[in-house]
Amino acid sequence: MLKTPLCEVLGIDYPIIQGGMAYLGSAELVSAVSEAGGLGIIGSGSSQPSWIQEQITLVRALTNKPFGLNIMLMSPYVEDVVKLAIEEKVPIITTGGGNPGIYLPRLKESGAKILPVVSIKALAKRLDRQGVDAIIAEGMESGGHVGETTTIALVPQIVDAVSVPVVAAGGMADGRGLAAALVLGAQAVQMGTRFICAEECIAHTNFKQKVLSVGDHDTVVTGESLGHPARCLKNKLTRQFLSMEQSGVPAEELNQFGIGKLYSGVIEGDIEQGSLMAGQIAGLVSDIKPARSIIQDIVAEAEEVFRRIKSTMGTNGGNQNG
């Protein structure tokens, strides 16, 4: 029931895509997600091409299932990463942090399936005309770089505006979210925050435990003054960053202040002075378990949601007809 047409396009069993998480979308997690029937995505972030090359090689050694590469368009190495993706014939490409239009002809020529992440309908329509294979509609609930529209409002508008399949992202962490996304017209979900607490994710234990401890009001968006707002878990760093923004600290100084903070938070485990990118759904994450179990539980819960809805509608219909 849950295998959508997009699953066939991507060659996956379940409509679940792992978000392209910088530093955390490494071969260990990517291969585990793909082996479990979802789509694992290498998170290139601002990493050097040599690291990305290593991850592609490792993923291929660990699984023969489809996988993807997320290209962060704000990376200083974006040109080199695009060239690498083409040379390595990475089968599926997602993009984030801007408009990938100038790279589409080369990526399409390589035979890759292309799924850009967008947060506004206008860009989705433009990319649809340029021949992308699907659109990832990401709401403001997501971790990392965000737009201004909620997922539940954005997804159906983009579904109605484009001719290609749509993936719902932002605020997705369980079967109820998957079921809701499918009802809204999406053909898959993309999840990042939930996979932070996969056993195979290389996130520092401190970061995983922090995710498990937060509630529904424990994220904040910083960087709006820079034009690149990002959602993170609240800590001393976010308070200081917001204070600097409100004080009118120049963009150059803010950017310099932020250098290396994501790595120190998610990999080195500095949960106070590091950047902990995670979405609002973090408050729903309650355990650490293998990626396969995460995916199986989400699919089973979504199927149960649809069975319950069908049963309820059948009962109501019977009462009305009686």
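Above this note sits the structure.
I will try to describe carefully the structure that is included in this document.

The rules behind the values
Residues numbered from 1 in each chain as written. Predicted model: local features only at pLDDT ≥ 70, side-chain atom pairs only at ≥ 80, totals over all residues. Heavy atoms only, no water. Buried < 20%, exposed > 50% of the residue type's maximum accessible area, 1.4 Å probe, protein only. Helix = DSSP H or I, 4+ residues; strand = E, 2+ residues; numbered from the N terminus. Right-handed = clockwise from strand over helix to strand, strands pointing away. Pairing = 2+ DSSP bridges. Contact = heavy atoms within 4.5 Å. Axes fitted to C-alpha atoms, helices over the stretch in contact; angles between N-to-C directions.

So, the pairing of strand β6 (residues 135-138)
Right, on to step 1. Neither face of β6 is open: one carries I135 and A137, the other I136 and E138, and all of them are buried.
Right, on to step 2. For the segment spanning strand β5 (residues 113-118), helix α6 (residues 121-129) and β6, crossover handedness is right-handed.
Right, on to step 3. Relative to strand β8 (residues 166-169), β6 is paired through four bridges, and the arrangement is parallel. The partner of I136 across the bridge, within β8, is V167.

Structural notes on the sheet that holds strand β10 (residues 219-222)
Note on sheets: strands pair through backbone hydrogen bonds, and any given pair is parallel or antiparallel.
Right, on to step 1. Pairing within the open sheet is antiparallel, and its three strands lie in the order β7-β11-β10. For this open sheet the edge positions go to β7 (144-145) and β10, each flanked by a neighbour on one side alone.
Right, on to step 2. Where helix α11 (residues 236-246) meets the sheet, its contacts fall on β10 and β11 (230-233), and the angle it forms with β10 comes to roughly 35 degrees.

Considering the sheet that holds strand β9 (residues 188-191)
Right, on to step 1. Taken together, the eight strands give an open sheet; going across it, the order is β1-β9-β8-β6-β5-β4-β3-β2, and neighbouring strands pair in parallel fashion. Because the sheet does not close on itself, it has two edges, and the strands there are β1 (16-18) and β2 (40-43). Averaged over all pairs of adjacent strands, the angle between strand axes in this sheet comes to 25 degrees, irrespective of strand direction.
Right, on to step 2. Bridge count between β2 and strand β3 (residues 67-72): four bridges; the pairing is parallel. Bridge pairing in β3 links G40 to F67.
Right, on to step 3. The sheet contacts of helix α4 (residues 78-87) involve β3 and β4 (92-96), and relative to β3 the element is tilted by about 160 degrees.
Right, on to step 4. Sitting on the sheet, helix α8 (residues 175-183) is in contact with β1, β8 and β9, with an inclination near 135 degrees to β9.

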